[in-house]
Amino acid sequence: MATRQKTSLPVRLAAVAGLAAAGLATVALAGGPNDNKLVIDGKEYVTELPAPEGSPLKTLYSGWRFRNESTQAMQLDDFDNPGYPNVDTGEQLWSKVDGEAGKSCASCHNDASESMKGVRAQMPKWNEKAGKPMTLEQTINACRENNLKAKPWDWESGQMLGMTAFIGSKSRGMPVKVQTDGPMKEWLEKGKEIYYTRVGQLDMSCAGCHEANYGKMIRADHLSQGHVNGFPLYRSKWQKLGSMHRRFKGCMQNIRAKPYEVGGDEFVALELYTASRGQGLSVETPAVRN
Amino acid sequence: MKRVLCAATAGLLAVAAITVGASAGPIAPGEVKIDDGKITASLTGQPGSAVKGREWFANRKLGNCLACHSNSDMAKEEQFHGEVAPSLDGVADRWDEAQLRAIVVNAKQALNPDTLMPAFYRDSGYTRPLKDFEGKAILNAEQVEDIVAYLKTLK
């Protein structure tokens with residue numbers, strides 16, 4: 001069970017593993033989030049903090065805290081992180097000339113470690129020209145079309161996942177901090193409405209699982225608070241990296257609801273609202289989940 | 001000539017009678033009434049099969065009741081039981097058959113309008129149902145009766 005366990009994992013994991021193994025003999029029980037610490041390269045990430053005022057939650061927990069120790073371990077070391085090769089892909093694309101303008105991202109933004117620092121943490125971000133919030137994917141594609149004169153990438157393409165993982169990695173450890181006031185207010189309200197509306201043949205809402213029942217098992221799945229600080233992230237079920245909107249879509253299909261369009265206004269609003277529920281959690285891109 | 005016509009009419013009537021008889025079989029989802037948290041009569045007019053009901057209960061595409069509820073009767077063969085709803089151990093001691101039927105048909109009417117529990121025998125009034133499930137209930141009448149029969153064994 002703990003084959004990938006790293007020395008950096010607290011010793012108490014062994015005890016947890018023992019308990020879990022004993023539990024399997026009857027019925028798998030999860031309890032709340034576990035107490036492990038997320039430390040990568042000597043840097044500790046915020047996976048727990050008191051919820052901000054007005055939050056329906058008391059304490060915020062990263063989704064990492066609800067994963068079992070073998071999934072957790074994969075995120076503790078970039079060499080073990082199966083999503084990390086996407087970051088390398090993104091890094092190569094960053095300085096690759098593409099499109100009729102003969103430019104690369106680096107032509108305008110130079111060193112991503114400087115220019116892209118904190119970008120993921122603030123997404124989706126209000127875009128004055130578009131008159132709406134834009135996600136990281138949409139911002140990348142706007143640059144490709146307008147500045148590189150290149151074709152936009154598909155949302156879930158290898159290039160897009162590579163670029164969003166690469167840019168996202170430059171915000172790792174920084175607190176999620178999306179704008180919620182001004183013109184964002186209306187979008188936040190829209191996202192909130194979607195979050196609390198029961199949909200699909202199973203007639204459930206995001207809140208029914210991620211607010212009312214986080215920490216509990218829903219059959220084989222341990223419910224988290226559904227935060228988005230790890231995206232794009234590697235999921236063993238997908239066997240690859242995936243976007244936040246792909247996750248939204250999957251959650252809706254699981255309750256037999258017709259998903260909104262990937263990249264559409266509804267999912268952008270939902271992205272903004274879910275990000276706002278996790279303000280202060282560290283960006284973990286690319287996180288690892290199961 | 002008249003006689004032939006008469007015979008034909010009689011034939012038609014006979015066919016009509018058979019169709020009426022058939023449609024009076026299962027009570028459609030839209031026609032089920034929950035009174036005081038109860039549905040007294042079987043939806044099919046027949047008792048269900050507890051053996052089949054046990055299967056539908058665990059089946060992830062049908063009842064998937066284990067997604068939310070634990071159930072000691074299945075502890076051996078089913079490793080994962082949900083924790084978001086009360087255990088169904090001894091549920092037959094807490095509710096009678098008519099109440100159990102109503103809970104499975106539509107827990108939002110039978111128990112609590114805000115419950116997380118889906119209605120299993122309701123085919124309309126959903127928001128954004130996936131196309132494959134539009135106009136359909138999760139379970140058919142027979143499956144509901146089978147599950148009710150199974151729940152009755154949980155004493």
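On the chain A side, the residues contacting the 31 residues of chain B number 30 residues. In total, chain B and chain A occlude about 2700 Å² of area from one another, counting both sides; carbon and sulfur atoms represent 54% of this. For the chain B face of the interface with chain A, the top three residues by lost area are Glu83, Leu116 and Arg128 of chain B, together amounting to 27%. Summed over the shared surface of chain B and chain A, the result is three salt bridges. Across the chain B-chain A interface, the total number found is twelve residue pairs in polar contact (both at pLDDT 80 or more).

This part is about the nonpolar core. Among the nonpolar cores identified, the biggest contains 70 residues, and Leu43, Phe57, Val105, Leu139, Val144 and Leu151 of chain B are the most heavily contacted of them. Those elements that place two or more of their residues in this core are α8 (184–196), α9 (206–210), α10 (244–254) and α11 (265–277) of chain A together with α2 (50–58), α4 (97–105), α5 (107–110) and α6 (141–151) of chain B. A per-element tally of this core places α11 of chain A first, with seven residues. Beyond its immediate stretch of four places on either side in the chain, Phe57 of chain B contacts Gly63, Asn64, Cys65, Leu66, Asn71, Met74, Leu88, Ile147, Tyr150 and Leu151 of chain B.

Turning to the packing of α10 of chain A against α11 of chain A, a few remarks are in order. All names here are of chain A. With their axes 10 Å apart at the nearest point, α10 and α11 run at an angle of 100° to one another. As far as their axial angle goes, α11 and α10 are roughly perpendicular. Only Phe267, Val268, Leu270, Glu271 and Thr274 of α11 make contact with α10, whose side of the interface consists of Met244, His245, Phe248, Lys249 and Met252. The residue inventory of the contact of α10 with α11, partitioned by class, reads six nonpolar, two polar and two charged.

For the rest of this paragraph, the subject is the pattern of salt bridges. Residue and element names in this part refer to chain B. Within the structure shown, the criterion is met by 16 salt bridges over all chains. Put simply, Lys152 and Glu97 hold a salt bridge, and the shortest N to O gap is 2.7 Å. Separated by 55 residues along the polypeptide, Lys152 in the segment after α6 and Glu97 in helix α4 bring together distant segments of the chain. Relative accessible area serves as the criterion here: at 37%, Lys152 is assigned to the partly exposed category.

The subject of this paragraph is the packing of α8 of chain A against α11 of chain A. Packed helices, taken two at a time, are described by their axes: the angle between them and the distance between them. All names here are of chain A. Where α8 contacts α11, the axes come no closer than 7 Å and their chain directions differ by 90°. With respect to α11, the axis of α8 lies roughly perpendicular. Across the interface between the two elements, Met184, Trp187, Leu188, Lys190, Gly191, Lys192, Ile194, Tyr195 and Tyr196 from α8 touch Asp265, Glu266, Val268, Ala269, Leu270, Leu272, Tyr273, Thr274, Ser276 and Arg277 from α11. For the contact of α8 with α11, the per-class residue count stands at eleven nonpolar, three polar and five charged.

Cut-offs and rules
Residues numbered from 1 in each chain as written. Chains lettered and ligands numbered in written order. Predicted model: local features only at pLDDT ≥ 70, side-chain atom pairs only at ≥ 80, totals over all residues. Heavy atoms only, no water. Contact = heavy atoms within 4.5 Å. Buried area = accessible area lost by both parts, 1.4 Å probe. Salt bridge = Lys/Arg side-chain N within 4 Å of Asp/Glu carboxyl O. Polar contact = N/O pair within 3.5 Å; in protein donor to acceptor, adjacent residues only side chain to side chain. Core = buried A, V, L, I, M, F, W, Y, C linked by side-chain atoms within 4.5 Å. Buried < 20%, exposed > 50% of the residue type's maximum accessible area, 1.4 Å probe, protein only. Helix = DSSP H or I, 4+ residues; strand = E, 2+ residues; numbered from the N terminus. Axes fitted to C-alpha atoms, helices over the stretch in contact; angles between N-to-C directions. Parallel < 35°, antiparallel > 145°, perpendicular 65-115°, else oblique. Nonpolar A, V, L, I, M, F, W, Y, C, P; charged D, E, K, R; others polar.

From the geometry alone we can't say anything about function, so treat these as descriptive.
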